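Topology and contacts: notes
So the chains spell out like this:
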Amino acid sequence: MMLLPFLRRNLRLTGTKYGCGGGGCGACTVMVSRYDRGTRRIRHYPANACLTPLCSLHGAAVTTVEGVGSTRTQLHPVQERIAKSHGTQCGFCTPGMVMSLYTLLRNHPQPTEEQLLEALAGNLCRCTGYRPILDAGRTFCKTSGCCQSKENGVCCLVQGVNRLPEPEEGGQTSPKLFPEEEFLPLDPTQELIFPPELMILAAKQPRSPQVFTGDRMTWISPLTLKDLLEAKSKFPQAPLVMGNTSVGPEMKFKGVFHPVIISPDGIEELSIIKHSCDGLTLGAGLSLAQVQDVLADVVQRLPEEKTQTFRAVLKQLRMLAGSQIRNMASLGGHILSRHPDSDLNPLLAAGSCTLCVQSQEGARQIPLDERFLGKSLGMDLRPQEVLLSVTVPYSRKWEFVSAFRQAQRKENARAIVNAGMRVFFRDGDGIITELSILYGGVGPATLCAREACRKLVGRSWSEETLDEACRLVLGEVTLPGSAPGGRVEFRRTLLVSFLFRFYLQVSQSLSHMDPGRYPSLEGKYESALEDLHPRCGHGWGAFRYQRVDPMQLPQDPIGRPIMHLSGVKHATGEAIYCDDMPAVDQELFLTFVTSSRAHAAIVSMDLSEALSLPGVVDIVTAKHLGDVNSSTETLLATDKVLCVGHLVCAVIADSETRAKQAAEKVRIVYQDLEPLVLTIQEAVQLKSFLEAERKLECGDVEEAFRTVDRVLEGEVRVGGQEHFYMETQSMLAVPKGEDQEMDIYVSTQFPKYIQDMVASTLKLPANKVMCHVRRVGGAFGGKVVTTSIMAAITAFAAHRQGRAVRCVLERGEDMLITGGRHPYLGKYKVGFMSNGRITALDLEHYSNGGHSLDESLFAIEMGLLKTENAYKFPSLRCRGRACRTNLPSNTALRGFGFPQAGFITESCIVEVAAECGLSPEEVREVNMYQGTEQTPYGQEINTEGLARCWQECKAKASFALRRAAVDKFNSGSPWKKKGLAMVPLKFPVGVGNVALGQASALVHVYLDGSVLVTHGGVEMGQGVHTKMIQVVSRELKMPMENVHLRGTSTETIPNTNASGGSVVADLNGLAVKDACQTLLKRLEPIISKNPQGTWKDWAQAAFDRSISLSAAGYFRGYESDMDWEKGKGHPFEYCVYGAACSEVEIDCLTGSHKAASCWGHTPLFWPRGWTGLDLLGNCGRDKQGSHDSAVPLRSSSHTNCCQNPFTQRKARTSGQTSSWTLATLSTQHSTAARSKAPSSRAWGCTPRRS
Ligand SMILES: Cc1cc2nc3c(=O)[nH]c(=O)nc-3n(C[C@H](O)[C@H](O)[C@H](O)COP(=O)(O)OP(=O)(O)OC[C@H]3O[C@@H](n4cnc5c(N)ncnc54)[C@H](O)[C@@H]3O)c2cc1C
Ligand code: FES
Ligand code: FES
């Protein structure tokens, strides 16, 4: 058993979260503390509980987020600061972040920023974009986030291009969210101590192996080398589990089973660190983090000449996985895992390391070379042998060793290709006498270019040799076009790029050592050697928050950057998510059996073996569901499956483990069917579409094409994207045992839809089903349709059994079953004049919708409605179709069709610019909307804000200066190039339908004056509950602390709409406001009679006079409509305008890229007469001042692409990394709608700024 389920299920410590189960996300981070008897020191390190076997923790202390601090006892400064820095949104990643930071501070109470970045590299967050989390960490650091080089007295964080000071904001913005002086101080003396009883236990350690025996497995922990060798001799096939970061994922994801596991704990021979004349010998049991510490110390003390290999290993270790994995994984485990993309093995092999292995028969040395790495016969460990240590030789004079790696992002991502290279020259004449070149990531094992090296020995170090080396290496390290892992061209390029860099590095070193013989490197080559490092921290920027009107009353919270009201609970682990709910009596667990075929008939299904297993209670198939199986979407496959991951049946057992074991025993025989449609191209060819075409047209497109100067045609492909909400799909169905009532707790964005699906599946009226959502650990559009299908099946199983049933998907299952962002194919034909003015545009959008409709049509429609982005194209035709393919159904994902559609249009603009010899920004300007305009569907919009955003962004980015600086840089830099782009944005807000915009709220005032509010929006990280409490606070003029919110329920708010589309706070805010105003109107006579009274007084007086203290609020939705037959309508209420400018630097040799500079600014403008409430409500602005939808403007030097085993398996394109980003935003009601803008109401009748 792993530590994570033990904590969550057995100890009910649910603060530690499950995010991926494979060590990749850090949500399960805990601090492990061990006492070393030898050194009498305690080592604290972060560990992934999901990969830590419980048995391995004998004698160790584990600190979870609950032990760090809580609202019931005392908060820890880490918890306080992460919450106050707005470092939590959905909060699901937060306990893991807290634990990584906490462990860092236990070891380094005043860390450097580098240590901070290193400590957090193993933690993913899908909401915040990392900056605020790092901001919290920075408050503990010795230095601030700037580079400390305050040239001209100007901090790098506030300077613009060419170090010009940033333009003044006129005091409307503030760079600070919190007063640091109010923070709880960090006092290391107050931290939990290591339990003394564990020290006593360690001193009394029995000298015989610890053996733990379970139902299926035996765990042996030998304490001496003799015991270890004996155990290995007795169980030669048993793995030696050290960090379990290789064995664990294999057992979990590949179904490998080991009946016996040997886990040597604290054996001295495995932890040695010994210098000898040959080199440095490192025990195989040292963790990679310990190796890092040892080497960091050694390179300080020994001359550079001797430490070439050590330095190269250190360089690789800095980027290898995250801090948790490096602290768990052992050197021996790493080497012996022989992963084809291992970062260390190519280097250790190139560095001529040797392995000392031992069995009961004795010890021997084996070379760590490609034969060992390729498991060649006779060159590998024998089954009874264990690896004791690794000797890394010192390098010699004229010997050079280098390491290279290229990954999708720097930290916590497996390398795409890596390499270790070594060359040794003959003293005196510079002839190559030894050369080793090894690559990882290019085959099933680490590959050595042995032949190439052999042929190059005897040559001198010259450009001719380099040419020859490239030719030979490419000839020897072949990568066929169909090589697993794809990206073959890129990987081939990296083979040569690394070689080129090695050549330059060695040439530079040679010229330093003997300038007389070796000329110094030409200036143009020097930039090829520089790694791309962020200038200030890790892409941190100076962010500014808009200040409220100075006239606003201090008590009025609207518009202020209020901390997420669950922020502290996120940070202490007290916030309850669906799977954190305690088990219900006799609860069962449901797991799905999914299709392994993309398109096949189900010939037979044998459930007998699965049903016969202990603990298995039921298996639900389509037959059980009968006629309810095919309402809107089929729940379970009937006679055929339409994609890999299609739900076929559901196994219900008394525990998760038993349900999963039984699911593996369901035998299904398939017969493949034709056609198999996977891509958009195949679907278009076969006319495989989900729905009829949608089309928008304005102007006379054909005629316009006849009058243009030039016409261009092209295609744009946009990849898909995994959802990767941190909380996987989770649900708990609880039959109430009376009147067939069913309560269902689900991680969903759409409780009403779940209620409907469950009710129709159980053939019950909706009033018997209650769906409740406390909070959701990220959703992004992915927790609607598929969630409802799974919830309906779970409720069906619960109904059949009369027992509660829980279903929580593992990350792999989640990614297999659910779809993500639609991949798009865009075709365009554009007609334009020589000045870049586009007068005719004909677009076709095709999305890959997967096997069922889901939200594909809606996404296509939104894409079409937003396709022109910020431009007025007089003649535009745009057609869109969702393709039916044999993939899981794709669905809504951040931006809902707009990112893809916008990207197609912007790509077209770039092509036009290139054709006209203009910059894309010039073409954008020429085509931009101006003043009051009509959209292609005939809606009138006022675009004044757009021009303002564009001009402000241009000025604040010093665009012209920046462009000149970038051009100058590029002309003098052959290997590194900079890119600069500025893009405007028009994001129309609304759902295109009045009914879909209606919202309700319920506000109760209790006799003690406290208020309970509930509304239809779901809290999924956007802070909607916080915003609603802000609204109540303003309306009822009471402190926010007086108002409470207990989640979203179909029982309190019926017929809710889905939460999404950037309008949740907007619509529900107006409903909450309505409820508050109803209450105020009712209580007006009481309040006016006693204006100095309190809410307690007023509530009691109202009660005494039989005046209801409960009010429902309602907002019927913005007037909107869209007639797709005519292609005309008024689907949106208002538009958000923005502009962003990004400067990126790229290494042309490797594809690495970085933020050239980090600076951001997001002022918001709103129309006359609008209040802060209107802004908050209508703009859907989140607590950090950015728009809810965020996609087009979100910037981070981290991509949101999550590197873990699953994303690699179903590789889908993630968003781009944007870097230097300046964004301005503006909201504006459409002209028609502006007159209907709600009237302002101010606290204490203070006039609002207009
Ligand atoms: C999320 C994640 C990210 C990762 N990122 C990277 C990365 O960026 N770069 C990279 O190179 N690697 C990466 N890895 C791989 C990681 O480096 C290896 O899994 C790790 O080093 C294995 O060490 P371990 O101690 O956990 O091995 P274990 O899983 O404990 O053991 C692995 C194997 O080694 C054998 N073994 C261990 N010690 C001995 C011994 N003394 N004698 C004989 N046999 C022994 C075991 O029998 C077993 O077969 C990543 C892994 C994870 C889970
Ligand atoms: S759940 Fe353990 S790292 Fe993701
Ligand atoms: S706040 Fe980090 S995943 Fe949501």
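Details of the overall build of the chain
Within the chain, the secondary structure is distributed over 39 helices and 45 strands. By residue count, 60% of the 1250 residues in the chain fall in the buried class. Put simply, 77% of the contacts in the chain that link residues at least 6 apart link residues at least 24 apart. For the chain, the accessible area works out to roughly 48,500 Å², and carbon and sulfur atoms hold 52% of it.

Re the site of ligand 1
For ligand 1, the set of nearby residues contains 32 residues, the closest of which are Leu-240, Met-242, Thr-245, Ser-330 and Asp-343. One of the backbone N or O atoms of Val-247 is found 2.8 Å from an oxygen atom in ligand 1. At 3.2 Å, a side-chain N or O of Arg-405 approaches an oxygen atom of ligand 1. Across the complex, the protein chains shield 92% of the 980 Å² of accessible surface that ligand 1 would expose by itself.

Quick notes on unusual backbone geometry
Residue Glu-674 is joined to Pro-675 through a cis peptide bond whose omega torsion reads -5°. If you trace the backbone, Pro-675 turns up in the loop between β23 (667–672) and α24 (680–685). Even without being glycine, Arg-487 reaches a positive phi, approximately 50°. Take Arg-487: it is sitting in the loop between α17 (463–476) and α18 (488–513).

Focus on the side chain of Glu-370
Following the sequence through the fold, Glu-370 ends up in helix α15 (residues 370–373). The exposure class of Glu-370 is buried, given its relative accessible area of 17%. At a separation of 2.3 Å, a polar atom in the side chain of Glu-370 contacts the side chain of Arg-450. Setting aside residues up to four positions removed in sequence, Glu-370 forms contacts with Leu-438, Cys-448 and Arg-450.

Re the packing of helix α10 (residues 288–301) against helix α11 (residues 308–319)
Relative to each other, α10 and α11 sit at 140°, their axes nearing to 10 Å. As summarised for this structure, α10 and α11 are arranged oblique, according to the angle between their axes. Read as a crossing pair, α10 and α11 show a hand that is left-handed. Residues Leu-288, Val-291, Gln-292, Leu-295, Ala-296, Val-298 and Val-299 of α10 form the contact with α11, whose participating residues are Phe-310, Arg-311, Val-313, Leu-314, Leu-317 and Arg-318. Looking at the contact of α10 with α11 residue by residue, the class counts come to ten nonpolar, one polar and two charged.

A closer look at the sheet that holds strand β11 (residues 362–367)
Strands sit in the order β8-β9-β12-β10-β11 across an open sheet of five strands; the sheet is antiparallel. Strand pairing shows two members of the sheet lacking a second neighbour, β8 (273–275) and β11, which therefore form its edges. Between one strand axis and the next, the sheet turns through 20° on average, direction left out of account. Contacts between α10 and the sheet are confined to β8 and β9 (279–283), with β9 contributing the most and set at about 165° to the helix.

Things to note about the sheet that holds strand β6 (residues 218–221)
Pairing is mixed across the open sheet formed by three strands, whose spatial order is β5-β6-β7. With partners counted over all chains shown, the strands left at the sheet margins are β5 (210–213) and β7 (260–262), one partner each. The sheet shows a mean angle of 15° between the axes of neighbouring strands, direction not considered. Inspection of the sheet shows β6 paired to β7 by three bridges, in the parallel sense. Looking across to β7, one finds that Thr-218 is bridged to Val-260.

Rules used in this analysis
Residues numbered from 1 in each chain as written. Chains lettered and ligands numbered in written order. Predicted model: local features only at pLDDT ≥ 70, side-chain atom pairs only at ≥ 80, totals over all residues. Heavy atoms only, no water. Helix = DSSP H or I, 4+ residues; strand = E, 2+ residues; numbered from the N terminus. Buried < 20%, exposed > 50% of the residue type's maximum accessible area, 1.4 Å probe, protein only. Contact = heavy atoms within 4.5 Å. Areas by Shrake-Rupley, 256 points an atom, 1.4 Å probe, with all protein chains shown as cover. Near = heavy atom within 4 Å. Polar contact = N/O pair within 3.5 Å; in protein donor to acceptor, adjacent residues only side chain to side chain. Axes fitted to C-alpha atoms, helices over the stretch in contact; angles between N-to-C directions. Parallel < 35°, antiparallel > 145°, perpendicular 65-115°, else oblique. Left-handed = near helix turned anticlockwise from the far one by under 90°. Nonpolar A, V, L, I, M, F, W, Y, C, P; charged D, E, K, R; others polar. Pairing = 2+ DSSP bridges.

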